[in-house]
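Residues per chain, in single letters:
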Amino acid sequence: MFTDTEFVFDATSGKVLNMKYDLWLFYDEPYRSAYCQSSMYGVPFDGMDYCNDDLEGGMKGILGKAIKIFDVCNKQGYQAGILSWFAESITFNPSVLFSRYVEYEIIDDLHVKVIISSNGVSGTGIITLNELGAITEFYSDDRQVETINGIETAIGWRCEYEDYREEHGILQAHTVRCVKVYPEKELIYFDSNNFNVEYTK
């Protein structure tokens, strides 16, 4: 549960939302859901990430509790969802590293290629570790697609983890940052050290 988090809603205009963001991560399958509450020009805004039975994933935005301003759902969104599930889980629930949906290929002592597969859909990324064995980032070329000059274009995406401290008997990062990696720049669009983690059975 993230509180008072700044999120870059629109990379083109630089529109930033201050939001409350609730994230659900499941272990037994690569599934996640997210719900955010914020406002635009004083009007309530609700957003949600979701997936459906057609192996599509997407994001939906509602303004004023009634007006749907966007609903983007496609096959690429499902791939993005399983990559996000892994990237978010490794800091909050590291047992995901042993998931039957995840395979690894060692690159060197500090880098590991990851393949996450579910329902015939897969995505890859690279884990970076520091000399103490802590995961410092997860990078993927498969997760993020942006419209650039009218063309749907794959760009890089990175999740960064900092400030590890013990919580619930595990070392957990207390700063999480998400970065879009464009050919000419990088954009930090999600950056938070203000969150609380709860575990349920």
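Keep in mind the model is a prediction, meaning the values are calculated, not measured.

## A look at the overall build of the protein
Here is step 1: Each helix and strand counted, the protein has one helix and 13 strands in total.
Here is step 2: Starting at the N terminus, the α and β elements of the protein follow one another as β-β-β-β-β-β-α-β-β-β-β-β-β-β.
Here is step 3: On the principal axes, the C-alpha backbone points of the protein span a range of 50 × 35 × 35 Å.
Here is step 4: Expressed as a percentage of the 201 residues in the protein, the buried residues total 41%.

## Looking at the environment of Gly156
Here is step 1: Looking at the element boundaries, Gly156 is found in strand S11 (residues 151–167).
Here is step 2: Separated by 110 residues in sequence, Gly156 and Asp46 place their C-alpha atoms 27 Å apart.
Here is step 3: Every residue in contact with Gly156, bar those within four places of it in the chain, is listed here: Tyr139, Ser140, Asp141, Gln144, Val179, Lys180 and Val181.

## A short note on unusual backbone geometry
Here is step 1: Within the chain, Lys65 stands out as a residue other than glycine whose phi angle is a positive 65°.
Here is step 2: Using a relative accessible area of 54% as the deciding quantity, one classes Lys65 as exposed.
Here is step 3: Backbone geometry places Asn119, a non-glycine residue, at a positive phi of 55°.
Here is step 4: Take Asn119: it is sitting in the loop between strand S8 (111–118) and strand S9 (121–129).

## Remarks on the nonpolar core
Soluble globular proteins: nonpolar side chains tend toward being buried together.
Here is step 1: Core analysis: the biggest nonpolar cluster contains 40 residues, and Tyr21, Phe86, Ile116, Phe138, Tyr161, Tyr189 and Phe190 have the highest contact counts within it.
Here is step 2: Ranked by residue count, the leading element in this core is helix H1 (residues 75–92), at eight residues.

## Here we look at the packing of aromatic side chains
Here is step 1: Applying the stated rule across the entire model yields 12 aromatic pairs.
Here is step 2: Centre to centre, the rings of Phe2 and Phe195 are 5.0 Å apart; their planes meet at 50°, and the pair counts as tilted. Residue Phe2 is found in strand S1 (residues 2–10), and its partner Phe195 is found in the segment after strand S13 (186–192); the two are separated by 193 residues along the sequence. There is no split in this pair, since Phe2 and Phe195 are both buried.
Here is step 3: By relative accessible area, Phe195 is classed as buried at 16%.
Here is step 4: An aromatic cluster of three or more residues is present, and its members are Phe2, Tyr21, Phe92, Phe190 and Phe195.
Here is step 5: The ring of Tyr182 carries the charged tip of Lys185 above its face, separated from the ring centre by 5.3 Å.

## Notes on the pairing of S13
Here is step 1: Examined bridge by bridge, S1 and S13 share two bridges and lie antiparallel to one another. Bridge pairing in S13 links Phe7 to Phe190.
Here is step 2: Summarising the sheet, strand S12 (residues 170–181) and S13 pair through six bridges and their orientation is antiparallel. Bridge pairing links Lys180 to Leu187 in S13.

Calculation notes
Residue numbers run consecutively from 1 along every chain, following the written order of its sequence. Where totals are concerned, whole chains, interfaces and linings use all residues; where local detail is concerned, this predicted model gives features only for residues with pLDDT of at least 70, and gives and counts side-chain atom pairs only at 80 or more. With hydrogens and water stripped out, all remaining heavy atoms of the structure feed into the side-chain values. In DSSP terms, a helix is any run of H or I states spanning at least four residues, a strand is any run of E spanning at least two, and both are numbered starting from the N terminus. Residue exposure (1.4 Å probe, protein chains only): buried if accessible area is under 20% of the type maximum, exposed if over 50%, otherwise partly exposed. In what follows, residue pairs with any heavy atoms lying within 4.5 Å of each other are defined as contacts. To qualify as a nonpolar core, a set must consist of buried Ala, Val, Leu, Ile, Met, Phe, Trp, Tyr and Cys residues joined through side-chain atoms within 4.5 Å. Only Phe, Tyr and Trp rings are paired, with Trp represented by its six-membered ring, and only when their centres lie within 6.5 Å; those with planes under 30 degrees apart are stacked, over 60 edge-to-face, the remainder tilted. Distance and angle both matter: a charge sits over a ring if NZ of Lys or CZ of Arg is within 6 Å of the ring centre and within 35 degrees of the ring normal. By the convention used here, strands pair only if DSSP detects at least 2 bridges between them.

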